[in-house]
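One letter stands for each residue in the lines below.
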Amino acid sequence: MAPPEEGGEAGLGAGPGLGRGPVPGPEPPGEVEHVNPQQPMTSLQYLQGQPITAQGMFLCAVIRALHQHYTCKMHPQWIGLITATLPYMGRVLRRVVASVTLQLCRNLDNLIQQYRYETGLSDTKPQWMALCIPPDLILTVLEGVTAIIHYCLLDQSSQYHQLQVSVDQKQLSEARAGILSILHTIMSSVTLLWSVLYMADSSERPAAASAASTSNINLGSTKNLRQQILELLGPISMNHGAHFMAAIAYVWNERRHSKSPARNKVIPTASDEQLLLVELVRSVSAMRTETVMQTVKEVLKQPPAIAKDKKHLSLEVCMLQFFYAYVQRIPVSSLVDSWPALLALLKDSIQLGLPSPGQFLILGILNEFILKNPNLENKKDQRELQDVTHKVVEAIGTIAGSSLEQTTWLRRNLEVKASPQIVVDGASLEADVEDLMLTVAEASSFTPSLYSVHALTLLAEVLAHLLDMVFYSDEKERVIPLLVNIMHYVVPYLRNHSAHNAPSYRACIQLLSSLSGYQYTRRAWKKEAFDLFMDHTFFQMDSSCVSHWRAIIDHLMTHDKTTFRDLMTRVAVAQSSSLNLFTNRDAELEQRAMLLKRLAFTIYSSEVDQYQKYLPDIQERLVESLRLPQVPILHAQVFLFFRVLLLRMSPQHLTSLWPTMITELVQVFLLMEQELISDDDITRTSGPAVAGLETTYSGGNGFSTSYNSQRWLNLYLSACKLLDLALALPSESLPQFQMYRWAFIPEASDDSGLEVRRQGTHQREFKPYVVRLAKLLRKRAKKNPEEDVSGRTLTWEPGHLLLTLYGIRSMEQLLPFFNLLSQVFNSKVSSRSGPAHSPTPSTNPYPSKDGKLESQKVFWSRARQNIEEMVEKDFLEGLIKT
């Protein structure tokens, strides 16, 4: 026998739970006198009175021979030797079959890896490269593994019947336990071959033939190999279904994505290799849908022991991940026919106390069933479906509330724990959580809530539609108590606007938005949603949440007119009451501004002209707000409201409002001009404060108050944004504004330097406000070099807003805006026949990415969408907006 390669010693030891690494070698010779004959195969020395199969050198010779890839032509003979002598192994049967099977699996893995490497399917080089390989070696190895496994696992009455050999059932039982303990390793090798066969069959025939010709390994007939795999697995699945499915679950975890493309999936997306496991199980004739369900339930109730590393997901979770993908890919008819088995699986799973990822999968499986078969003909079945849905959702709701704690032990009020909320990838959920748990435990004394964000996210994705499908129209009332309990967990997250709660906030607002789309759910969330809307921290959110709140507010106000009237009444009452000398004036003004902003957001969340009949009342509220002098915090909200009305009301309905808008816009520009002209006089009391100072103003009611300059800067910016919006929208959308344009921006025919004679005196022609302010700002910028932004330029694009700032620290930051407006519309080559307000002629007035002409309707539709996204962000507070 040729000597093994360096480091290629293959040993004897094999037992339950062995991995894929080298098998420990035999003990060295020299102490034969101490060897116990009852414990054979622990030495390479010949043992008197022991049969050849029980000699250590026998197994060592077999393993070494199978390990030598350069003598692989002899492997079929060695395999035949082992399979023929199985009935004669006696008490060493377990060790022999386990050792030989593991070595054959290693050989099979390496052959497959070599094939993948030589055909370009993989860049990973195998441990060894065989050169002279029999054409049917893979099939021979597979047949040998099949013979060994079936001998140990199946009833032997029909096998080896021609031999008069009595097999000890105890020894056979031990061998069976040994094979079952390494079944996951065997399954890993078999499924690896299955995946290669799938790729070989799915490839184009010429390409596959060309690739195969470059390899030393010939797969031969893929049909024969497939058939041999099914012959191997079929009897195992019939007689040892739980171990078979547990092995599938183990391999499922091995085949997961090494790096998930997205980290926001609660239920991970199966990889292509994992999906091949589903097809393999479906190909096994004994594994009918109902049988699979019953076997999965058995694995969940009593999972077989399988050796696993620290990073291995719990076997139950892996099993459910497989079953979730399985349910997604079986025909609807098979799923419906197996409803009793699925119901039993769901019911038992609720009682088992599965890990949180397992409970998420239970909800996912239930949702998949509902999507495929929303209606059950039998009323009893439907009621059972409703009951199990109720229990599963309640269980997920409990997990969702795991980041909450009671404020006091006597009250049921909940608040968010001051601990980080872990957001990890669903594909490696438990493993990542374990690492984070160790890190956090070392750094702090609190225990983080691990799965609350995942539970909330999953509920947001499936709950609303799931309940709507499970409970019929005459049964919707049964949903309300369940939703009330869910909202009990959701509201505390929505009240908390801290940074660490942001993941939960996003998930909860998505959940509430999905629920608000169904009319019957209103009773469960209406009051809580309105209270949250009126909270002073409502607008402290990121831009990803605004669209969900718009949907919620629209559903809240549209389907219940009393809610909108209540909001209007609150605004009216706040504005009609006089400011109290003995209370905090700033607080009262902020309250009025808050109510006005929420009314504006309500209008913004609606459809065009949805609140047109309330426009006279709205206009009255705005005028009342403007009557208060020197209140920039309130007037800034009025300008935001003006912008909302331009986007949500048809032009003909705004005719009566334009004089007010123009007047207020002129007033603000005059204030800006006055401040810039009086820059050197910081003692004035009739205008806003200069930057960095605080000035006292006397209101018309006889009291005085103080404002710092930032509030006035916010007002200036808000007014400029109104002008920016009026110039960005198409002229046909704002026909009334066209009569006032000349007051703000220069037209192409203007000549500001022309002197005219009027009433016998020389008077200079009127200069638009942007021209005057641009000149004054340039002058101030020269005096304050640190604030000089004259080098910054803006680019004019039709249908786009110029001002994308959400706050300014000084008036000089508006200089690029005024500079551009004072120049671009005064161009002598301005084209009035192009798109509205287009400053320069263009061969492509409606540009698009592909260079083709875009219709005016499509162009302005996209432009309006971009404009609304910019206006939407102006509602947000206290966040860095991007």
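Counting starts from 1 at the beginning of each chain's written sequence and moves along it residue by residue. The predicted nature of this model means local features are confined to residues of pLDDT at least 70 and side-chain atom pairs, given and counted, to a pLDDT of 80 or more, with totals for whole chains, interfaces and linings taken over all residues. Here the side-chain values reflect all heavy atoms present in the structure, with hydrogen atoms and water set aside.

### Describing the overall build of the protein
Logical step 1: From N to C terminus, the protein includes 32 helices and six strands.
Logical step 2: Relative accessibility thresholds used throughout: buried, under 20% of the residue-type maximum; exposed, over 50%; partly exposed, between the two (1.4 Å probe, protein chains only). Taking all 882 residues of the protein together, the buried fraction comes to 52%.
Logical step 3: In this analysis, two residues are considered to be in contact whenever any of their non-hydrogen atoms come within 4.5 Å of each other. Intrachain contacts of the protein at a sequence separation of at least 6 include 73% that bridge at least 24 residues.
Logical step 4: When the accessible area of the protein is evaluated, it comes to approximately 40,100 Å², of which 51% is carbon and sulfur surface. Where helices and strands are cited, they refer to DSSP runs of H or I of at least four residues and of E of at least two residues respectively, numbered from the N terminus. Accessibility throughout is a Shrake-Rupley quantity obtained with a 1.4 Å probe, and a residue counts as covered only by protein chains that appear here.

### Focus on the pattern of salt bridges
Logical step 1: Should a side-chain nitrogen of Lys or Arg be within 4 Å of a carboxyl oxygen of Asp or Glu, the pair is scored as a salt bridge. All chains considered together, the criterion is met by 23 salt bridges.
Logical step 2: Of the charged contacts in the structure, one is a salt bridge between Asp566 and Arg570, with a shortest N-O distance of 3.6 Å. Remark: Arg570 and Asp566 occur in helix α23 (residues 561–576); sequence separation between them is four residues, near one turn of the helix.
Logical step 3: Residue Arg570 is classed as partly exposed on the basis of its relative accessible area of 35%.
Logical step 4: Among the ionic contacts, a cluster of salt bridges with common partners joins Glu620, Arg621 and Glu624.

### A word on the environment of Phe639
Logical step 1: Relative to the helices and strands, Phe639 is located in helix α26 (residues 632–648).
Logical step 2: When the C-alpha atoms of Phe639 and Ala719 are compared, they prove to be 6.0 Å apart, with 80 residues separating the residues in sequence.
Logical step 3: Not counting residues within four places of it along the chain, the set of residues in contact with Phe639 comprises Glu664, Leu665, Val668, Leu715, Ser718, Ala719 and Leu722.

### Observations regarding the packing of helix α4 (residues 137–153) against helix α5 (residues 169–181)
Describing two packed helices takes the angle between their axes plus the distance from one axis to the other.
Logical step 1: Running from N to C, α4 and α5 point in directions that differ by 125°, and their axes come no closer than 8 Å. Relative to α5, α4 is oriented oblique. Crossing of α4 over α5 shows left-handed handedness. In this structure, α4 contributes Ile149, Tyr151, Cys152 and Leu153 to the contact, and α5 contributes Leu172, Ala175, Arg176, Ile179 and Leu180.
Logical step 2: Just so you know the grouping, Ala, Val, Leu, Ile, Met, Phe, Trp, Tyr, Cys and Pro go in nonpolar, Asp, Glu, Lys and Arg go in charged, and all remaining residues, Gly too, go in polar. Grouping the amino acids of the contact of α4 with α5 by side-chain chemistry returns eight nonpolar, no polar and one charged. Every angle, taken between N-to-C directions, lies between 0 and 180 degrees, and every axis is a line fitted to C-alpha atoms, over only the stretch in contact when it is a helix. With respect to orientation, any angle under 35 degrees is reported as roughly parallel, any angle over 145 as roughly antiparallel, any angle of 65 to 115 as roughly perpendicular, and every other angle as oblique. Whether a crossing is left-handed or right-handed is set by the direction in which the near helix is turned from the far one by less than a right angle, anticlockwise for left-handed and clockwise for right-handed.

### Describing helix α11 (residues 289–301)
Logical step 1: Its 13 residues place the ends of α11 19 Å apart at the C-alpha level, agreeing with the 18 Å of an ideal helix rising 1.5 Å per residue.
Logical step 2: Within α11, burial applies to Thr289, Thr291, Val292, Met293, Thr295, Val296, Val299 and Leu300.
Logical step 3: On the buried face of α11, the contacting elements are α9 (241–254), α10 (272–283), α12 (315–329), α13 (332–337) and α14 (339–351). One less than the residue count of a helix, multiplied by 1.5 Å, gives the span that helix is expected to have.

### So, the nonpolar core
Logical step 1: Definition used in this section: a nonpolar core is a set of buried Ala, Val, Leu, Ile, Met, Phe, Trp, Tyr and Cys residues joined via side-chain atoms within 4.5 Å. Of all hydrophobic cores here, the largest spans 261 residues; its most connected members are Trp549, Phe744 and Phe818.
Logical step 2: Here this core gets 13 residues from one element, more than from any other, and that element is helix α28 (residues 709–728).

### Let's talk about the environment of Gln227
Logical step 1: Following the sequence through the fold, Gln227 ends up in helix α8 (residues 222–239).
Logical step 2: In sequence terms Gln227 and Val284 are 57 residues apart; their C-alpha atoms lie 10.0 Å from each other.

### Observations regarding the packing of aromatic side chains
Logical step 1: In summary, the pairing rule links any two rings of Phe, Tyr or Trp, Trp by its six-membered ring, whose centres are within 6.5 Å, and it sorts them by plane angle into stacked for under 30 degrees, edge-to-face for over 60 and tilted for everything else. One pass over the full model with this rule turns up 29 aromatic pairs.
Logical step 2: For the pair Phe669 and Tyr769, a centre-to-centre distance of 6.2 Å together with 40° between the ring planes defines the contact as tilted. Remark: Tyr769 occurs in helix α30 (residues 769–783) and Phe669 occurs in helix α27 (residues 658–677); sequence separation between them is 100 residues.
Logical step 3: Of the residues examined, Phe669 reaches a relative accessible area of 0% and is grouped as buried.
Logical step 4: Each ring, one from Phe744 and one from Tyr769, has its centre 6.1 Å from the other, and the planes form 40°; the classification is tilted. Here the residue Phe744 occupies a position in helix α29 (residues 741–744), and Tyr769 occupies one in helix α30, the gap between them amounting to 25 residues.

### With respect to unusual backbone geometry
Logical step 1: Unlike most non-glycine residues, Asp609 shows phi in positive territory, near 65°.
Logical step 2: Position of Asp609 relative to the elements: it lies in the loop between α24 (585–604) and α25 (615–627).
Logical step 3: The backbone of Gln630 shows a phi angle near 55°, a positive value even though the residue is not glycine.
Logical step 4: In this structure Gln630 comes out as partly exposed when scored by relative accessible area, which is 22%.

### Comments concerning the environment of Ile229
Logical step 1: When you line up the elements, Ile229 lands in helix α8.
Logical step 2: Taking the C-alpha atoms as reference points, Ile229 and Val284, separated by 55 residues in sequence, lie 9.3 Å from one another.
Logical step 3: Setting aside residues no more than four positions away along its own chain, Ile229 makes contact with Leu142, Val190, Leu193, Trp194, Leu197 and Leu280.

### Examining the confidence of the model for the protein
Logical step 1: Each residue carries a pLDDT score, the predictor's own confidence in it, on a scale running from 0 to 100. Looking at the protein, pLDDT values average 80 and 76% of them are 70 or higher.
Logical step 2: Element-level mean pLDDT values for the protein span from 37 in strand β3 (residues 694–698) up to 96 in α26.
Logical step 3: Every residue in residues 1–39 scores below 50 in pLDDT, and together they form 80 contacts with partners more than four places removed in sequence or on other chains.
Logical step 4: Under a pLDDT of 50 for its full length, residues 682–708 has, in the predicted model, 59 contacts with residues more than four places off or in other chains.

### Here we look at the side chain of Gln382
Logical step 1: Within the element layout of this structure, Gln382 appears in helix α16 (residues 379–400).
Logical step 2: Overall, the relative accessible area of 3% leaves Gln382 in the buried class.
Logical step 3: Contacts described as polar in this section are N or O atom pairs within 3.5 Å, which, within protein, must combine one atom able to donate a hydrogen with one able to accept it, while residues neighboring in sequence count only if both atoms come from side chains. Looking at Gln382, its side chain comes within polar contact range of the main-chain nitrogen of Leu376, at 3.3 Å.
Logical step 4: Apart from the residues lying within four places of it in its own chain, the contact partners of Gln382 are Pro374, Asn375, Leu376, Val470 and Tyr472.

### So, a nonpolar patch on the surface
Logical step 1: Side chains of Tyr46, Ile52 and Met57 sit close together on the surface and give an oily, nonpolar patch of about 310 Å² of accessible area.
Logical step 2: With respect to the secondary-structure elements, Met57 resides in helix α1 (residues 56–67). Note on patches: the residues involved have over 30% relative accessible area and no salt bridge, like charges join within 9 Å, and the nonpolar side chains Val, Leu, Ile, Met, Phe, Trp and Tyr join within 5 Å.

### Remarks on the side chain of Gln274
Logical step 1: The residue Gln274 is located in helix α10 in this model.
Logical step 2: What makes Gln274 buried here is its relative accessible area of 4%.
Logical step 3: If sequence neighbours within four positions are ignored, Gln274 has contacts with Trp252, Arg255, Arg256 and Thr269.

### So, α27
Logical step 1: Its 20 residues place the ends of α27 28 Å apart at the C-alpha level, agreeing with the 28 Å of an ideal helix rising 1.5 Å per residue.
Logical step 2: Burial runs high along α27: 14 of the 20 residues are buried.

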